[in-house]
Amino acid sequence: MFRIGEFAQIAQVSGRQLRFYDQIGLLRPARTDPETGYRYYSIRQLQRLNRILALKELGLSLDQIAPLLQNEISPAELRGMLIIKRSQVEQSLREEEARLRHIESRIAQIDRQDGMDGYDVVVKSVPATPFLALKCSCQDMEEAVHMIRAVADDGGRQIRIPLRDKLVVVARNDHEDERLELEIGFSLTRPSNASVRIAGDHVLKPSELPAVKTMATIVRVGTDPTSHSSFGAIGTWIEANGCEIAGSCREVFLEPVVGSPGLAAALVEIQFPVRKAA
């Protein structure tokens, strides 16, 4: 017989661990001195302890291990438990690999910019949202900015604040010509069937921004001269993480563009639907 400290040394575990296994009934001492309370273990118990440690190493919980030691679980049931555990480990590995790619892309971004003043990409899901907008084809950015201002100004005045949420610009990327195919309008706090006519005989019509399960997003400051670098940062992230663009880019203005801070200085969240590249 070995006292608990001696048995722990032989088994290469801690005495605290043995006491815990005793407490939960997983590995009782072969004998406990009734006067001193000292625990004594037999070398034959080492096989049971090693089995506990081996099953624990496979990722099984102590609650799962206990019936296995009593032969209350068949080999088929154990196989099923291990298949589930394998699936969980594989999922964890995939998540860690994605995190590693994200870290690598962030390091590359810092190296290019020689500092921390970069853009942080955040991935999230976006629910379907009621949308009141117009579709337009603009020759260049100057014309696009003019349309954005018109919608923000005139549409913003006509759509009541409880209904109106954020100004959103959707850029359709499924055309190969040089014109900018845009959808400009306001997300709404609730569905509405009403259309809104604005200056220039344009009409904001009700529709819906579809839900996106995986949206890569980044926040930048309005039309700052360096704001184009945010698109480069999100492009770097998409490529580094083995993704591809899966829909139209959205620019969601988080601050007012009419009045302060204005179109040039308002915070904008750029959103790109993405999916794993084939």
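The shown structure was predicted, so the numbers you read here are calculated from the model rather than taken from an experiment. Position numbers for residues count from 1 along each chain, tracking the sequence in the order it is written. The predicted origin of the model limits local features to residues at a pLDDT of at least 70 and limits the giving and counting of side-chain atom pairs to 80 or more, whereas totals for whole chains, interfaces and linings rest on all residues. Side-chain metrics in this entry use all non-hydrogen atoms of the structure; hydrogen atoms and water are not considered.

### Describing the side chain of T217
Okay, step 1: In DSSP terms, a helix is any run of H or I states spanning at least four residues, a strand is any run of E spanning at least two, and both are numbered starting from the N terminus. Looking at the secondary structure, you find T217 in strand 10 (residues 212–221).
Okay, step 2: Whether a residue is buried, partly exposed or exposed follows from its accessible area with a 1.4 Å probe, protein chains only, as a fraction of its type maximum: under 20%, in between, or over 50%, in that order. Overall, T217 belongs to the buried group, its relative accessible area being 2%.
Okay, step 3: Under the rule applied, a polar contact is a pair of N or O atoms within 3.5 Å (in protein, one hydrogen donor and one hydrogen acceptor; residues adjacent in sequence only if both atoms are side-chain atoms). A polar atom in the side chain of T217 sits 2.8 Å from the backbone oxygen of V122.
Okay, step 4: With near-sequence residues (within four places) excluded, T217 lies in contact with D120, V121, V122, K124, I234, E269, I270 and Q271. What makes two residues a contact is simply this: any of their non-hydrogen atoms within 4.5 Å.

### Some details on the nonpolar core
Okay, step 1: Take the buried Ala, Val, Leu, Ile, Met, Phe, Trp, Tyr and Cys residues and link them wherever side-chain atoms come within 4.5 Å; each set so joined is a nonpolar core. Counting 25 residues, the largest nonpolar core has V151, I159, L167, I184, L204 and F253 as its most contacted members.
Okay, step 2: Elements supplying a minimum of two residues to this core: strand 5 (129–138), helix 6 (141–158), strand 6 (164–171), strand 7 (180–188) and strand 8 (196–198).
Okay, step 3: Sort the elements by how many residues they give to this core and helix 6 lands first, with five residues.
Okay, step 4: The contact partners of I184, leaving out residues within four places of it in the chain, are F131, L132, A133, L134, C136, M147, I148, V151, L167, V168, V169 and L204.
Okay, step 5: Counting 19 residues, the second-largest nonpolar core is a separate cluster that includes F7, V13, I52 and L69.

### What to know about the pairing of strand 10
Okay, step 1: In this description, strands pair whenever DSSP reports at least two bridges between them. Where strand 4 (residues 122–126) meets strand 10, four bridges bridge the pair, whose relative direction is antiparallel. Opposite V123, over in strand 10, you have A216 as the bridge partner.
Okay, step 2: Taken together, the seven bridges between strand 10 and strand 13 (residues 267–276) define a ladder with antiparallel strand orientation. Bridge pairing links A216 to F272 in strand 13.

### With respect to helix 3 (residues 45–57)
Okay, step 1: Here helix 3 contains 13 residues, and its C-alpha end-to-end distance of 19 Å stays within 8% of the 18 Å for a straight helix at 1.5 Å per residue.
Okay, step 2: At its buried positions, helix 3 is contacted by helix 1 (4–11), helix 2 (15–23), strand 3 (39–41) and helix 4 (62–69).
Okay, step 3: Residue G59 follows helix 3 closely and has a positive phi angle near 100°. To estimate how far a helix should reach, multiply one less than its number of residues by 1.5 Å.

### With respect to the confidence of the model for the chain
Okay, step 1: When pLDDT is averaged along the chain, the result is 85; 90% of the residues meet or exceed 70.
Okay, step 2: The spread of mean pLDDT over the elements of the chain runs between helix 5 (residues 75–113), the lowest at 78, and strand 9 (residues 202–209), the highest at 95. Values of pLDDT, which run from 0 to 100, indicate the predictor's confidence residue by residue.

### Considering the packing of aromatic side chains
Okay, step 1: Each pair of aromatic rings taken from Phe, Tyr and Trp, with Trp reduced to its six-membered ring, is defined by centres within 6.5 Å and is described as stacked if the planes are under 30 degrees apart, edge-to-face if over 60, and tilted in the remaining cases. Across all of its chains, the model carries three aromatic pairs by this definition.
Okay, step 2: Geometrically, the ring pair formed by F7 and Y41 is stacked, given 4.8 Å between the ring centres and 5° between the ring planes. Placement of the pair is F7 in helix 1 and Y41 in strand 3, with a sequence separation of 34 residues. The same class applies to F7 and to Y41, which are both buried.
Okay, step 3: An angle of 90° between the planes, with centres 6.2 Å apart, marks the rings of F231 and F272 as edge-to-face. With a gap of 41 residues between them, F231 in helix 7 (residues 228–240) and F272 in strand 13 connect regions that are remote in the sequence.
Okay, step 4: Whether a charge sits over a ring depends on NZ of Lys or CZ of Arg being within 6 Å of the ring centre and within 35 degrees of the ring normal. A cation over a ring is seen here: R31 above Y40, with NZ or CZ 4.6 Å from the ring centre.

### Brief notes about the state of the cysteines
Okay, step 1: Two cysteine sulfur atoms form a disulfide, by the criterion used here, when they sit within 2.5 Å. Using the criterion set out here, one finds zero disulfides in the structure.
Okay, step 2: For C136, which is in no disulfide, the shortest distance to another cysteine sulfur is to C138 and amounts to 3.8 Å.

### Things to note about helix 1
Counting along an α-helix, one turn takes 3.6 residues, and residues three or four places apart therefore face a common direction.
Okay, step 1: Those residues of helix 1 not exposed but buried are I4, F7, A8 and A11. Buried residues of helix 1, viewed axially, fall in a sector of 100°; they line one side.
Okay, step 2: Count one or two residues on from helix 1 and you reach Q12, which has phi positive near 60°. An arc is given here, and it is the one of the directions from the helix axis to the C-beta atoms.

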